[in-house]
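Each chain, letter by letter, is given below.
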Amino acid sequence: MAVGSLLFMVVLAIVHHPLMVSDKQDPATVQRVQQQEQRLALEMTRLQLEFEKRNEEERPGPRQSLGPNQSQREEGATGATALREVAEQGPNDMAWDRWHYGALAIILLIICMPSLELESSYDSSSEDASSEEEEDDAKAAPRGSCTWHPNFPDREALEHFYEQHLQGVSKDLASTCEFVAGLVNNLLEVCRVLTYETFLPQLENCIGVASTFEGWCPHRDPKAYRVLVPLLPPKGHSFCLEMENAEGTLEKHGHILVELECTCKRERLLGDVLCLLHHSEEDLSDNKQGPFRVHLLCTSSHLDVGKTILWFHSLVGKAWALLAHNYSFQLTAQPSASSCKLRLAFESGKALSIEIILGVQRGDSQVFLASHGAETGHPSSTVWLETFAVQEMLFFQMVSRYAPQDSCHLKCLQILIHLKECRLPTLENRILTTYHFKTVLMHLLLLLPRSEWGPEQLAQRLQDILLYLCHGLEEKLLYHFLIGNSTLSSQIPVLKAFLNAKPLNLFQHLALEPAAHAQATSEFLEMMEQVRALLPQRSKTGCGPQHRAAHYAVGLIA
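Quantities reported herein were computed from a predicted structural model and do not represent experimental measurements.

**Thoughts on the overall build of the protein chain**
Of regular secondary structure, the protein chain possesses 20 helices and twelve strands. When the 558 residues of the protein chain are sorted by exposure, 43% land in the buried category. A separation of at least 24 residues holds for 71% of the contacts in the protein chain among residues at least 6 apart in sequence. By element, 55% of the accessible surface of the protein chain is carried by carbon and sulfur atoms, the whole surface being about 30,000 Å².

Pasting the structure below:
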């Protein structure tokens, strides 16, 4: 009987013994292993963020006494439930799966490859020691204090970093933005005088957009202060926006058709304009308005981006020649095919750049077809890009009016963008852009009540932003803030076509391109390392065992 059992074990070992193969791996296998490693690291990061947030919420700390209205705190906790759904899964299922697969792996290794037992065994002493250290820290902390997980910086560490790198940036930018808007409007006022008796587009006052005017730019000297100048059709003309739809979704570009309108009634009553629709070319050629018609800026009756920008460049140059004596700096135009870029050189040696974008408003909303970037990716020069920059700026202005004093929402975004642009290696084609972080913040500003954005909750809200983005990367899902979002406030004018549209997934390309998703995951993990680097030196020592356990899990499953 013993001999029979021995023979059975020998046959079983021979049958199940792995074939000897080369140590070299083909590129496809290496790529799959790397992608699996990134997915596991992303999952580990998300679970750590949820664990840290849950621990902080369960402790009776100062957060419960931050305000007299406890119902607002409960409302905030309810609003953030979507961020913690995955964290509600208890550790029992995970523990059972871990021991189940571990036992199966040990049995197979004993039967097939006894010589590799020591190399494949998992020493959990480091993880146990880390857990014991966390329990000791929790016991040592006084009851009622807010003790943070050692892998994430607390408010004190974040405030220290902000004071070192970003203190005073917002105030300096606010005063500069006011100066920029005043200067551009002065130029536009002269431009309107120069084009008053022409059939050329009319220029409205500028609207400040982008990070500098929204208040979260992390740089003291930004590359450019961006403003948008709305264009109105000339007298006797109208602009018809031709949006290109694809498969029932809103396209991000369109064309601007210039059409003639009858102005005979105005010609009879006021006599300040000729009706281009009902006058002959001979009549127009004798009038000084004739040579200055909008068709000079068109290609096939559509407003041309390049021609319009060239005309505006020339117009600004003439306006500056009349205003230069009022200022003590030099203004020069920079070459650009889709915007008017101006460089201001002061006597002190300081320089400042302004980028003026031209746009045509879409209906009664604050959505524009803009010239910026319209020359890239499209063979036609009559393509104008759709932009929500004005609506997003208005949203940030509304939040700032109603948010608590010294609200932390702009500070959170400043810290993250500073780490992304100043600490991470510079790459030309990054997948995770500044706009993704900004979109996450705007979603959370609607999700959480205003009382949850006080200055004392900086660390919690920074965690929420990273957790939201991490969850979006796992599901390859991040919706556009304005398209298909029915919860927007009535104070932000949004066309019904956008509110009723199908939500636009900004991460759709990640589901179609595994390589892009892998790169985005890698960039997020790099960002997490930069955030953890803000911890004081004494707190970083607790990260080692957990990282070793994570690397083991990655290698085991891969």
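**Structural notes on the nonpolar core**
Of all hydrophobic cores here, the largest spans 62 residues; its most connected members are I415, L466 and F524. Looking at this core, the elements with two or more residues in it are α2 (27–58), α7 (155–165), α13 (389–402), α14 (409–423), α15 (434–447), α16 (458–475) and α19 (514–532). A per-element tally of this core places α16 first, with nine residues. Dropping the residues within four chain positions of it, I415 is found in contact with L158, F161, Y162, L166, L458 and L534. F213, M243, W320 and F329 belong to the second-largest nonpolar core, a separate cluster that totals 48 residues.

**A look at the packing of aromatic side chains**
For the coordinates displayed, the defined rule picks out nine aromatic pairs. Relative to F396, the ring of F395 has its centre 6.1 Å away and its plane inclined at 75°; by these criteria the two rings are edge-to-face. F396 carries the same exposure label as F395, and that label is buried. One Lys or Arg, K411, reaches over the ring of Y162 and ends 4.7 Å from the middle of that ring.

**Points about the pattern of salt bridges**
Overall, the coordinates contain 13 salt bridges when judged by the stated rule. A salt bridge links E159 to K411, with the nearest nitrogen and oxygen atoms 3.3 Å apart. With E159 in helix α7 and K411 in helix α14, this residue pair connects regions lying 252 residues apart in the sequence. Given the relative accessible area of 16%, E159 is considered buried. The closest approach of N and O atoms between K438 and E392, which form a salt bridge, is 2.9 Å. Here the residue K438 occupies a position in helix α15, and E392 occupies one in helix α13, the gap between them amounting to 46 residues.

**Let's talk about the environment of L466**
Examined against the element boundaries, L466 turns out to sit in helix α16. Exposure remark for L466: the relative accessible area of 0% places this residue in the buried category. In this structure, the C-alpha to C-alpha distance between L466 and T45, residues 421 residues apart in sequence, is 9.6 Å. Discounting chain neighbours no more than four positions away, the residues touching L466 are L49, F152, L416, F524, M527, M528 and V531.

**Some points on the confidence of the model for the protein chain**
The predicted coordinates should not be examined in detail at positions where pLDDT is low. Mean pLDDT over the protein chain stands at 75; residues scoring 70 or higher make up 62%. In the model, residues 61–96 has pLDDT below 50 throughout and makes 50 contacts with residues more than four positions away in sequence or in other chains. Contacts from residues 246–250, a stretch scored under 50 in pLDDT, to residues over four places away or in other chains number five contacts.

**Concerning unusual backbone geometry**
Phi is positive for S300, close to 55°, though the residue is something other than glycine. The residue S300 is located in the loop between β6 (298–299) and β7 (302–303) in this model. Relative accessible area serves as the criterion here: at 63%, S300 is assigned to the exposed category.

**Comments concerning the packing of α7 against α16**
Remark: α7 packs on α16, axes separated minimally by 8 Å, with the N-to-C direction vectors making an angle of 90°. By the angle between their directions, the pair α7 and α16 is classed as roughly perpendicular. Of the residues in α16, those touching α7 at R155, L158 and E159 are L458, A459 and L462. The residue makeup of the contact of α7 with α16, split by class, is four nonpolar, no polar and two charged.

**Here we look at the side chain of Q366**
Structurally, the position occupied by Q366 is in the loop between β10 (351–361) and β11 (368–370). A relative accessible area of 19% means that Q366 is categorised as buried. Setting aside residues no more than four positions away along its own chain, Q366 makes contact with Q361, T387, V390, Q391, L394 and P493.

**Side note on α16**
Look at α16: 26 Å from first C-alpha to last across 18 residues, which is about the 26 Å you get at 1.5 Å a residue. Most of α16 sits inside the fold, with 14 of its 18 residues counted as buried.

**Examining the state of the cysteines**
Taken as a whole and assessed by the stated rule, the structure comprises zero disulfides. The structure places no disulfide on C412, whose sulfur is separated from the nearest cysteine sulfur, that of C408, by 4.4 Å.

**Re the packing of α14 against α15**
The geometry of α14 relative to α15 is characterised by a closest axis approach of 10 Å and an angle of 160° between their N-to-C directions. With respect to their mutual orientation, α14 and α15 come out roughly antiparallel. Considering the relative orientation of α14 and α15, their crossing is right-handed. In this structure, α14 uses H409, L413, L416, I417, K420 and E421 to contact α15, whose residues at the interface are T434, F437, K438, L441 and L445. When the residues that make up the contact of α14 with α15 are grouped by side-chain class, the tally is six nonpolar, two polar and three charged.

**A closer look at a negative patch on the surface**
Taken together, E242, E244, E259 and E261 make up a surface patch of like negative charges. Topologically, E242 is positioned in strand β4 (residues 237–243). E242 sits in the partly exposed class, given a relative accessible area of 30%.

**A look at the environment of I483**
In this fold, I483 is placed in the loop between α16 and α17 (496–499). Its relative accessible area of 5% is what places I483 among the buried residues. In this structure the C-alpha to C-alpha distance between I483 and N505, which are 22 residues apart in sequence, comes to 9.5 Å. Residue contacts for I483: discarding those within four places in its chain leaves K252, F388, F498, A501, K502, P503 and L504.

**Brief notes about α13**
In this model α13 runs 21 Å from its N-terminal to its C-terminal C-alpha over 14 residues, within 8% of the 20 Å that 1.5 Å per residue would give. Listing the buried residues of α13 in full gives A389, V390, Q391, E392, M393, F395, F396, M398 and V399. Close packing links the buried residues of α13 with β2 (207–208), α9 (210–214), β11, β12 (384–387), α14 and α15.

Here is what the cut-offs are and how they apply
Residues numbered from 1 in each chain as written. Predicted model: local features only at pLDDT ≥ 70, side-chain atom pairs only at ≥ 80, totals over all residues. Heavy atoms only, no water. Helix = DSSP H or I, 4+ residues; strand = E, 2+ residues; numbered from the N terminus. Buried < 20%, exposed > 50% of the residue type's maximum accessible area, 1.4 Å probe, protein only. Contact = heavy atoms within 4.5 Å. Areas by Shrake-Rupley, 256 points an atom, 1.4 Å probe, with all protein chains shown as cover. Core = buried A, V, L, I, M, F, W, Y, C linked by side-chain atoms within 4.5 Å. Phe/Tyr/Trp six-rings, centres within 6.5 Å; stacked < 30°, edge-to-face > 60°. Lys NZ or Arg CZ within 6 Å of the ring centre and 35° of its normal. Salt bridge = Lys/Arg side-chain N within 4 Å of Asp/Glu carboxyl O. pLDDT = per-residue confidence, 0-100. Axes fitted to C-alpha atoms, helices over the stretch in contact; angles between N-to-C directions. Parallel < 35°, antiparallel > 145°, perpendicular 65-115°, else oblique. Nonpolar A, V, L, I, M, F, W, Y, C, P; charged D, E, K, R; others polar. Expected span 1.5 Å × (residues − 1). Disulfide = S-S within 2.5 Å. Left-handed = near helix turned anticlockwise from the far one by under 90°. Patch = residues over 30% accessible without salt bridge, like charges linked within 9 Å, V, L, I, M, F, W, Y side chains within 5 Å. Lys, Arg positive; Asp, Glu negative; His and termini not counted. Charge placed at Lys NZ, Arg CZ, Asp CG, Glu CD.

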